[in-house]
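# Notes for the structure review
Listed below are the residues making up each chain.
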Amino acid sequence: MSHPISTLGVLHTAISLVPIAAGLYAFARFGGINPTLRSGKVYLAGLTLAVVTSLGVSSSGGLNPAHLAGVVVLVAAFGGALAPKLGFLGRLRPYVAAFGLSFSFLLSLVPGTNETLTRLPVSHPLATGPDSPAVVQTLLVWLVLFVIGYIAQCRAIYQCNKSGASTGSWTAFGA
């Protein structure tokens, strides 16, 4: 099922690695993606460029459900980034922010996982399509890691709120 990759596809792939790297760095260094920090800004900018470049990439020709998924990823990411400014959310603001940004990261892994496993190794890809066991199992692992990570973020936000700390990565989310 391996398809040749176009020049735009190569560019899109390279750009798509930027938000993945920035997101992984943010999770490892700060416990989450914080849009007020450099890593969060790089994540959002890279994610936006990845989605924009994806609009020109299609193995089936024209717009497809994957392009709509890209828009959903952006809505989740920028919804999370804007959540701290939404007063009506009250004390939920940092939790909504963490969820939106983390969920956007999870969603951005879906097409990348499918594309990687259906193309590599070149001589004998690990998967034949999105329904292949390798893809489904890998996505299940990402989902479990997302749930664990979000619970850890919620605990950190709660502890920060409980201690009344005025500094730290979660106060930027309106904690």
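What you see is a predicted model; the values in this text were computed from it and never measured. (Residues numbered from 1 in each chain as written. Predicted model: local features only at pLDDT ≥ 70, side-chain atom pairs only at ≥ 80, totals over all residues. Heavy atoms only, no water.)

### Description of the overall build of the chain
Heads up, the rule is: Each helix is a run of H or I in the DSSP string that is no shorter than four residues. Each strand is a run of E no shorter than two, and both are numbered from the N terminus. Each residue gets one of three labels from its accessible area relative to the maximum for its type: buried under 20%, exposed over 50%, partly exposed in between, using a 1.4 Å probe on protein chains only. Contacts were defined at the residue level, with two residues in contact if any of their heavy atoms lie within 4.5 Å. In these tables, accessible area is a Shrake-Rupley quantity obtained with a 1.4 Å probe, and a residue counts as shielded only by the protein chains included in the view.
When helices and strands are counted, the chain shows five helices and zero strands. When burial is assessed residue by residue, the chain has 35% of its 175 residues classed as buried. Counted over contacts in the chain with a minimum sequence separation of 6, partners at least 24 positions apart contribute 61%. Entry remark: accessible area of the chain is about 10000 Å², with carbon and sulfur atoms responsible for 72%.

### Things to note about the packing of aromatic side chains
To be explicit about the condition: Geometry of aromatic contacts follows a simple scheme: Phe, Tyr and Trp rings, the Trp one being its six-membered ring, pair when their centres are within 6.5 Å, and the pair is stacked under 30 degrees between planes, edge-to-face over 60, tilted otherwise.
Scanning all chains against the criterion turns up eight aromatic pairs. Both rings, one in Tyr-25 and one in Phe-30, keep their centres 6.1 Å apart while their planes meet at 80 degrees; by these two values the pair is edge-to-face. With a relative accessible area of 45%, Tyr-25 lands in the partly exposed category. One aromatic cluster in this structure is built from Phe-99, Phe-103, Phe-146 and Tyr-150.

### Considering the nonpolar core
Keep this limit in mind: Here, nonpolar core means buried Ala, Val, Leu, Ile, Met, Phe, Trp, Tyr and Cys residues that are tied together by side-chain atoms lying within 4.5 Å of each other.
By size, the foremost hydrophobic cluster in this structure holds 14 residues, and its most contacted members are Ile-33, Tyr-43, Leu-44, Leu-47, Ala-77, Leu-101 and Phe-105. When contributions to this core are tallied by element, the ones reaching two or more residues are α1 (7-30), α2 (38-54), α3 (65-82) and α4 (93-119). Of all hydrophobic cores here, the second largest spans five residues; its members include Tyr-95, Ala-98, Tyr-150 and Ile-157.

### Some points on helix α5 (residues 133-163)
The following threshold applies: To estimate how far a helix should extend, the number of its residues minus one is multiplied by 1.5 Å.
If you check α5, its first and last C-alpha atoms are 45 Å apart, about what 31 residues at 1.5 Å a residue would give, namely 45 Å. Restricting attention to buried positions, one finds in α5 the residues Val-135, Phe-146, Tyr-150, Gln-153, Cys-154, Ile-157 and Cys-160. Gly-164 sits one or two positions beyond α5 and adopts a positive phi of about 70 degrees.

### Structural notes on the packing of α4 against α5
Worth spelling out the cut-off: Only C-alpha atoms enter the line fits that serve as axes; for helices the fit covers just the stretch in contact. Angles between N-to-C directions range over 0 to 180 degrees. When describing relative orientation, an angle under 35 degrees is termed roughly parallel and one over 145 degrees roughly antiparallel, while 65 to 115 degrees is termed roughly perpendicular and anything else oblique. Left-handed is the label given to a crossing in which the near helix is rotated counterclockwise from the far helix by less than a right angle, and right-handed is the label when the rotation is clockwise. For this scheme, ten residues count as nonpolar: Ala, Val, Leu, Ile, Met, Phe, Trp, Tyr, Cys and Pro. Four count as charged, namely Asp, Glu, Lys and Arg, and the remainder, Gly too, count as polar.
Between α4 and α5, the shortest axis-to-axis distance is 10 Å and the interhelical angle comes to 165 degrees. By the angle between their directions, the pair α4 and α5 is classed as roughly antiparallel. Like other packed secondary-structure pairs, α4 and α5 cross with a definite hand, here right-handed. Across the contact of α4 with α5, the residue classes tally to 19 nonpolar, six polar and no charged.

### Description of a nonpolar patch on the surface
Basically, it comes down to this: Without a salt bridge and with relative accessible area above 30%, a residue can belong to a patch; like charges are then joined within 9 Å and nonpolar side chains (Val, Leu, Ile, Met, Phe, Trp, Tyr) within 5 Å. Each salt bridge in this description consists of a side-chain nitrogen of Lys or Arg and a carboxyl oxygen of Asp or Glu lying within 4 Å of one another.
On the surface, a cluster of nonpolar side chains totalling about 700 Å² of accessible area is made up of Leu-140, Val-141, Leu-143, Val-144, Leu-145, Val-147, Ile-148 and Ile-151. Residue classification places Leu-145 among the partly exposed residues on the basis of a relative accessible area of 47%.

### Examining the packing of α1 against α2
As a packed pair, α1 and α2 sit with axes 8 Å apart at the nearest point and diverge in direction by 155 degrees. Taken together, the axes of α1 and α2 are roughly antiparallel relative to one another. Between α1 and α2 lies a crossing whose hand is left-handed. Along the contact surface, α1 presents Leu-8, His-12, Ile-15, Ser-16, Val-18, Pro-19, Ala-22, Gly-23, Tyr-25, Ala-26 and Phe-30, while α2 presents Ser-39, Val-42, Tyr-43, Gly-46, Leu-47, Leu-49, Ala-50, Thr-53 and Ser-54. Of the residues belonging to the contact of α1 with α2, the class tally is 13 nonpolar, seven polar and no charged.

### Re unusual backbone geometry
With an omega of -15 degrees, the peptide bond between Leu-120 and Pro-121 qualifies as cis. Considering the arrangement of structural elements, one finds Pro-121 in the loop between α4 and α5.

### Observations regarding the environment of Leu-17
Here Leu-17 is to be found in helix α1. Leu-17 sits 26 residues away from Tyr-43 along the chain, and the two C-alpha atoms are 9.9 Å apart.

### Some points on the confidence of the model for the chain
Counted only if it meets this: pLDDT expresses, on a scale from 0 to 100, how confident the predictor is about each individual residue.
Mean pLDDT for the chain: 88, with 89% of residues reaching 70 or above. In the model of the chain, α3 stands out as the element of lowest mean pLDDT, 92, in contrast to α2, which has the highest, 95.

### Section: α3
With 18 residues, α3 extends 26 Å between its outermost C-alpha atoms, agreeing within 8% with the 26 Å of an ideal straight helix rising 1.5 Å per residue. Among all positions of α3, only His-67, Gly-70, Val-73, Leu-74, Ala-76, Ala-77, Gly-80 and Ala-81 are buried. If you follow the buried residues of α3, they end up packed against α2 and α4.

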